[in-house]
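Listed below are the residues making up each chain.
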Amino acid sequence: MLLLSSAIPYRADPAIGAGQVLGVVMATVGLLVVAFIILLQLRRRGWLDAWTASAGSTGKALVSARWQVSSQRISRRTMVHTMMREGQTVLVVESAAGVSVTRLDVVEAKSQIDRGETAP
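Numbering of residues begins from 1 in every chain and follows the order in which that chain's sequence is written. Local features in this predicted model are restricted to residues of pLDDT 70 or higher, and side-chain atom pairs are both shown and tallied only at a pLDDT of 80 or more, whereas totals for entire chains, interfaces and linings draw on every residue. Remark: hydrogens and water are excluded; side-chain values derive from all non-hydrogen atoms of the structure.

A.B. asks: Help me understand the confidence of the model for the protein in this model?
C.D. replies: Detailed reading of the predicted coordinates is not advisable wherever pLDDT falls low. The quantity called pLDDT is the predictor's confidence in a given residue, expressed from 0 to 100. Per-residue confidence for the protein gives a mean pLDDT of 78; residues scoring 70 or more make up 65%. We call two residues in contact when some of their heavy atoms are within 4.5 Å. Within the model, the stretch residues 55-61 combines pLDDT values under 50 with 2 contacts to residues more than four positions away or in other chains.

A.B. asks: So what exactly am I meant to see when it comes to the pairing of strand β4 (residues 98-104) here?
C.D. replies: The side chains of a regular strand alternate, first on one face of the sheet and then on the other. The criterion for strand pairing is that DSSP finds at least two bridges linking the strands in question. In DSSP terms, a helix is any run of H or I states spanning at least four residues, a strand is any run of E spanning at least two, and both are numbered starting from the N terminus. Note: strand β3 (residues 88-95) against β4, 7 bridges, orientation antiparallel. Across the sheet, Leu91 pairs through a bridge with Thr102, a residue of β4.

A.B. asks: When you look at unusual backbone geometry in this model, what are you seeing that I'm missing?
C.D. replies: The phi angle of most residues is negative, glycine excepted, and most peptide bonds adopt the trans form. Phi is positive for Glu86, close to 40°, though the residue is something other than glycine. Locating Glu86 in the fold gives a position in the loop between β2 (79-85) and β3.

A.B. asks: Explain the pairing of β2 here, please?
C.D. replies: When strand β1 (residues 68-73) meets β2, the two strands line up antiparallel, connected through 6 bridges. When the sheet's bridge partners are listed, Ser71 is paired in β2 with His81. Here β1 folds back onto β2, and the loop between the two strands holds 5 residues. The sheet contact formed by β2 and β3 spans 7 bridges and is antiparallel. Counted as the bridge partner of Met84 is Thr89 from β3.

This is the structure we're talking about:
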């Protein structure tokens, strides 16, 4: 036997009133506006640059160039860091006396090695 459920016969008002629906919609819109304003302020201050990189003319998102870092301890108080990205190489030496930063010319040194020349 198939039983069909029917509405409660003595109930005349809807389960959720129009005032309640309007209140929920207004609260939701208000929270979305607040979230949008917060994200807009974070973007203006530069905290969202990694996520909001503007697209170039190709339509692809720009990928920020990251440094590849390799580090080596030379002595107890001296560390050497080699930082490379897109044809640029920087040598950073940290010691008790201070920090020294030197830009290395990788392209020229590599071409000399390929030709069999020795560095001066």
